[in-house]
Amino acid sequence: PNPVGLSLARIVRVNAAAGEVVLAGLDVVDGTPCLDLKPYLPTFEAIPSAVVPAWVQASYEEPLMTVAWSTEASAQLAMLLKGPAADDCDAGDSSYGSGGGEAVE
């Protein structure tokens, strides 16, 4: 697999002094390095005659699926988003993040 991707993005701001360009609309994980920037060229990037296979078009026409989280999963997510409190996390405590002290293999 090729580890380098190509994505269309919007430039949010440029800080020349810091050497920083902030992008939005990318389909990448936050913090992924950007190796190169190219201008958007509508005459080359937009292909008005482009078509997608019928199965792809059909997927856009299907109703969206509902995702329901269990109470336990919602509680676990809330705990992960909260993060460890300084007094709850002992540097020598290996049970943090293992589901309340059970052994994790």
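Residues numbered from 1 in each chain as written. Predicted model: local features only at pLDDT ≥ 70, side-chain atom pairs only at ≥ 80, totals over all residues. Heavy atoms only, no water.

The secondary structure content of the chain amounts to three helices and two strands. Reading the helices (α) and strands (β) of the chain from amino to carboxyl end gives β-β-α-α-α. Put simply, the chain has 105 residues, and 3% of those count as buried. Looking at the chain alone, contacts between residues at least 24 apart form 6% of all its contacts between residues at least 6 apart. Per element, the accessible surface of the chain, about 10,000 Å² overall, is 60% carbon and sulfur. (Helix = DSSP H or I, 4+ residues; strand = E, 2+ residues; numbered from the N terminus. Buried < 20%, exposed > 50% of the residue type's maximum accessible area, 1.4 Å probe, protein only. Contact = heavy atoms within 4.5 Å. Areas by Shrake-Rupley, 256 points an atom, 1.4 Å probe, with all protein chains shown as cover.)

This next bit is on helix H3 (residues 71-82). Here H3 is 12 residues long and its end C-alpha atoms lie 16 Å apart, about the 16 Å a rise of 1.5 Å per residue gives. Positive phi shows up at glycine 83, right after H3, with a value of about 80 degrees. (Expected span 1.5 Å × (residues − 1).)

A cluster of nonpolar residues, Ile11, Val14, Val21 and Leu37, forms a patch on the protein surface that exposes about 350 Å² of accessible area. Of the residues examined, leucine 37 reaches a relative accessible area of 44% and is grouped as partly exposed. (Patch = residues over 30% accessible without salt bridge, like charges linked within 9 Å, V, L, I, M, F, W, Y side chains within 5 Å. Salt bridge = Lys/Arg side-chain N within 4 Å of Asp/Glu carboxyl O.)

Pairing of strand E1 (residues 10-15) with strand E2 (residues 20-24) involves five bridges; the strand directions are antiparallel. Paired with arginine 13 across the bridge in E2 is valine 22. Counted along the chain from E1 to the antiparallel partner E2, the turn is four residues long, and its residue glycine 19 has a positive phi close to 65 degrees. (Pairing = 2+ DSSP bridges.)

This next bit is on the confidence of the model for the chain. Within the chain, residue pLDDT values average 77, and 78% of them lie at 70 or more. For the chain, the element scoring lowest by mean pLDDT is helix H1 (residues 42-45), at 74; H3 scores highest, at 93. For residues 91-105, every residue scores under 50 in pLDDT, and the model assigns this stretch four contacts once sequence neighbours within four places are set aside. (pLDDT = per-residue confidence, 0-100.)

Positionally, valine 28 belongs in the loop between E2 and H1. Residues valine 28 and leucine 6, spaced 22 residues apart in sequence, show a C-alpha to C-alpha distance of 9.9 Å.

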